[in-house]
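# Coordinates in review
These are the residues of each chain, in order.
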Amino acid sequence: MADNIRIDTHKLLYHPETVARWLSGENIYPIELELGLTNACNHRCIFCSVDYMGYKANFLDTDLLVNNLRELAVKGTKSVVYAGEGEPLLHKDAPYIINATKECGIDAAMSTNGVLLTPEVSKDCLKSLTWMRFSVAGIRESTYEKIQRGKSGDLPKVLLHMEEAVRVKKDQNLKTTLGVQLLLLPDNKDEIIEMGKRLKEIGVDYFTIKPYTHHPQSHNLLEVDYHEMLALEKEIQDLESEEFKIYFRTHAMKNLQNTRPYRQCWALPFMVYVDAKGNLWPCIRFMGKEEFKYGNLYEESFCQIWEGEHRKEIVECFTKMKLGDACGANCRLDEMNKYLDNLKNPGDHVNFI
């Protein structure tokens, strides 16, 4: 499990055929989609990066989505991550969509706050998820409610749903990886050991602790000094076992101040973001900026958009863009870009292996 997750790196090395086609100049289809089933959310987290979108209750049309996924499966898309602007389980058809995704031959995953992950939902669709990750901001109710700003009593409910998901995984003999992610802040740093112990008791597969990064369009701007928190890694790692992995993202925390060693975003063709209104964006960093919108699924199919001239013009625009002007630190595409930049600019000594 641990080697396959590769949280602080990338997995393009497992897709050499697609990378080779990209290197030869072919218009490849994305390996992964991140998709927002809805932009409604039952929490108002203080670190939310898409707060600027306003949490409006748009819900992506089920049939429209599934029909496009069937086409994408043929084109080579391998996975869909249901996360995005809101809480995916607020979409009434979320379990059906997850199952339909897997039936199309595309791997499915979901990030959720877990409040709506009832035992019935787990029994219905956990079998179709390669992984599911709970976003939980603390193990003490006062901390959790201060950061996630949901309803009183949400944390006990989430922990119960976590336990039920572990039970369903065992009862159905599933391989689904169950993880929990905490965004490390001064408010919750003193309880991550306590939280790790509780999660290990529950029986999830891993616990990851990641840094806050500011989205360029977000209204939230938190000041966090991670150099003071790096010592927590050694303490939390003591909880790790063969069945329970810890991912304390030191690399990501240190990477906040690093400059990019590449000049353009090479990785855009390998991933795409689809929002709850059916808009396609190069990545979530540019969601809402109309000049960077590839197209809309209610107006054209995914394939028509992907192969259209308008998208080509936007990709060309990105080749000339200064990344520091618009992209935040610790971009999800960063490690992929380093890898692809090396392939594009190999140097003179590569044959001396």
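Here is a short report on the structure shown in this document. (Residues numbered from 1 in each chain as written. Predicted model: local features only at pLDDT ≥ 70, side-chain atom pairs only at ≥ 80, totals over all residues. Heavy atoms only, no water.)

### Points about the overall build of the protein
Along the protein, the regular secondary structure elements total 14 helices and 10 strands. Scaling as 2.2 N^0.38, a compact globule of 353 residues should have a C-alpha radius of gyration of about 20 Å, and the protein matches this with 20 Å. Principal-axis analysis of the C-alpha atoms gives the protein an extent of 50 × 45 × 40 Å. A total of 353 residues make up the protein; the buried ones form 55% of that total. Considering only residue pairs separated by 6 or more positions, the protein has 73% of its internal contacts joining residues 24 or more positions apart. Approximately 16800 Å² of the protein is accessible, and the part contributed by carbon and sulfur atoms is 48%. (Helix = DSSP H or I, 4+ residues; strand = E, 2+ residues; numbered from the N terminus. Rg over C-alpha atoms; globule rule 2.2 N^0.38 Å. Buried < 20%, exposed > 50% of the residue type's maximum accessible area, 1.4 Å probe, protein only. Contact = heavy atoms within 4.5 Å. Areas by Shrake-Rupley, 256 points an atom, 1.4 Å probe, with all protein chains shown as cover.)

### Regarding unusual backbone geometry
Its identity is not glycine, yet arginine 6 carries a phi of approximately 45 degrees, on the positive side. Within the element layout of this structure, arginine 6 appears in the loop between helix 1 (2-5) and helix 2 (16-23). Arginine 6 gets classed as partly exposed once you look at its relative accessible area, which sits at 25%.

### Observations concerning the nonpolar core
In terms of nonpolar packing, the biggest core is built from 109 residues, with Tyr82, Met162, Leu184, Phe207 and Phe302 touching the most fellow members. In terms of residue count, the dominant contributor to this core is helix 7 (residues 154-171) (seven residues). Apart from the residues within four sequence positions on either side, phenylalanine 302 is in contact with Tyr29, Pro30, Leu33, Asn68, Leu72, Val272, Val274, Leu280 and Leu297. (Core = buried A, V, L, I, M, F, W, Y, C linked by side-chain atoms within 4.5 Å.)

### Section: the pattern of salt bridges
When their charged atoms lie close together, side chains carrying opposite charge are able to pair. Within this structure, the stated rule accounts for 20 salt bridges. Between glutamate 307 and lysine 75 there is a salt bridge, with its nearest N and O atoms 3.8 Å apart. Taken together, the residues span a long stretch of sequence, with glutamate 307 in the loop between helix 11 (302-306) and helix 12 (309-319) and lysine 75 in helix 3 (residues 62-75) at a distance of 232 residues. Overall, the relative accessible area of 38% leaves lysine 75 in the partly exposed class. Of the charged contacts in the structure, one is a salt bridge between glutamate 290 and lysine 293, with a shortest N-O distance of 3.2 Å. (Salt bridge = Lys/Arg side-chain N within 4 Å of Asp/Glu carboxyl O.)

### Observations concerning helix 8 (residues 192-202)
For helix 8, every residue scored as buried is listed here: Ile192, Ile193, Met195, Gly196, Leu199 and Ile202. As for helix 8, its buried residues are in contact with helix 7, strand 5 (177-183), strand 6 (206-210), helix 9 (232-237) and strand 7 (245-248).

### Points about the side chain of lysine 169
Residue placement: lysine 169 occurs in helix 7. Given the relative accessible area of 17%, lysine 169 is considered buried. If we skip the residues at most four places from it in the chain, lysine 169 touches Leu126, Leu174, Lys175, Thr176, Thr177, Leu178 and Asp205.

### What about helix 2?
Buried within helix 2 are the following residues: Thr18, Val19 and Trp22. Across the axial projection of helix 2, the buried residues extend over an arc of 100 degrees, all falling on one side. In the core, the buried residues of helix 2 are packed alongside helix 14 (334-344). (Arc of directions from axis to C-beta.)

### A look at the state of the cysteines
Under the criterion given, the structure shown has zero disulfides. Cysteine 303 takes part in no disulfide bond, and the closest cysteine sulfur to it belongs to cysteine 104, at a distance of 12 Å. Classification of cysteine 303 by relative accessible area gives buried; the value is 12%. The cysteine cysteine 331 is free of any disulfide, with cysteine 283 supplying the nearest cysteine sulfur at 5.6 Å. You can call cysteine 331 buried: its relative accessible area is 16%. (Disulfide = S-S within 2.5 Å.)

### Here's the deal with the sheet that holds strand 4 (residues 129-135)
Sheet architecture is open: 10 strands sit in the order 7-6-5-4-3-2-1-8-9-10, paired in mixed fashion. Two strands lie at the open edges of the sheet, namely strand 7 and strand 10 (295-296), each paired on one side alone. (Pairing = 2+ DSSP bridges.)

### A look at the pairing of strand 5
Within strand 5, seven of the seven residues are buried, leaving the element largely enclosed by the surrounding structure. Of the two faces of strand 5, the one carrying Thr177, Gly179, Gln181 and Leu183 and the one carrying Leu178, Val180 and Leu182 are both buried. The pairing of strand 4 with strand 5 spans five bridges and is parallel. Note on strand 5: the bridge partner recorded for arginine 133 is glycine 179. As defined by bridge partners, strand 5 adjoins strand 6 across five bridges and the pair is classed as parallel. Along strand 6, the bridge assignment pairs leucine 183 with lysine 210. Handedness of the crossover joining strand 5 and strand 6 through helix 8 is recorded here as right-handed. (Right-handed = clockwise from strand over helix to strand, strands pointing away.)

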